[in-house]
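Spelled out, the chains give:
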Amino acid sequence: MPTVELLFSALPEHVRTARLVAAAVARRAGVDEAVLDEVRLAVGEACSRAVGLHRSSGVDKPVRVLLTEDEKKFSIEVGDEVPLTPVNGSAPAVASARGDEPAPGPAPAEDSEADDEGQMGLAVISGLVDDVEVIEGENGGLIRMTWPTTTP
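Caption draft 1: Structural context of the environment of Val21. Note that Val21 resides in helix 1 (residues 15-29). Measuring from C-alpha to C-alpha, the distance between Val21 and Val43 comes to 9.8 Å, with 22 residues separating the pair along the chain. In this view, Val21 contacts Leu6 and Leu67; residues no more than four positions away in its chain are not counted.

What follows is the structure, encoded as structure tokens:
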């Protein structure tokens, strides 16, 4: 089960590199050529979402991308380090951007825009990938996407 791990600073300019690496590893793993554009787009959306969460939450840790080749499938995991735990007893601002219910009370316009972008990104990913899983935790979130591979 070969795995490639990519860590990058939460800067938008690194998302393109992640897309290129994902497409190259997917091609080598045996993902159908017709699906490679979907792989690139889905990874771009997931990485852009993680970068946005990091930047809006002031998290300095890198975005993590794992590309794993199994016998009959290829999976990509994009992880962020933005915790969901409430700060000072209030709900986290990133909750609705991750697909959870919005925090109670009025949200600042900036948070509302980030939430909308996060929801849109998840919708795009869900439209591109048949097998997608979004996992939330105290230490951050993870989007796992899987594609079938062709046997040589």
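Caption draft 2: Seen up close, the nonpolar core. Counting 31 residues, the largest nonpolar core has Phe74, Ile76, Val78, Met145 and Trp147 as the members making the most contacts within it. Going through the elements one at a time, strand 1 (3-8), helix 1, helix 2 (36-57), strand 2 (63-69), strand 3 (73-79), helix 3 (109-128) and strand 5 (140-148) are the ones with two or more residues in this core. Among all residues touching Trp147, those that are not within four sequence positions of it are Val31, Val35, Glu38, Val39, Ala42, Lys73, Phe74, Ile76 and Val129.

Caption draft 3: Region of the structure containing the pairing of strand 3. The buried fraction of strand 3 is high, at six of seven residues. Relative to strand 3, strand 2 runs antiparallel, the two sharing six bridges. Bridging from a neighbouring strand, Arg64 pairs with Gly79 of strand 3. Here strand 2 folds back onto strand 3, and the loop between the two strands holds three residues. Note: strand 3 against strand 5, seven bridges, orientation antiparallel.

Caption draft 4: The arrangement of the environment of Lys72 in detail. Structurally, Lys72 is set in the loop between strand 2 and strand 3. Spatially, the C-alpha atom of Lys72 lies 9.0 Å from that of Gly30, the residues being 42 residues apart in sequence. Residues in contact with Lys72, not counting those within four places in the same chain, are Pro148 and Thr149.

About the thresholds
- Residues numbered from 1 in each chain as written.
- Predicted model: local features only at pLDDT ≥ 70, side-chain atom pairs only at ≥ 80, totals over all residues.
- Heavy atoms only, no water.
- Helix = DSSP H or I, 4+ residues; strand = E, 2+ residues; numbered from the N terminus.
- Contact = heavy atoms within 4.5 Å.
- Core = buried A, V, L, I, M, F, W, Y, C linked by side-chain atoms within 4.5 Å.
- Buried < 20%, exposed > 50% of the residue type's maximum accessible area, 1.4 Å probe, protein only.
- Pairing = 2+ DSSP bridges.

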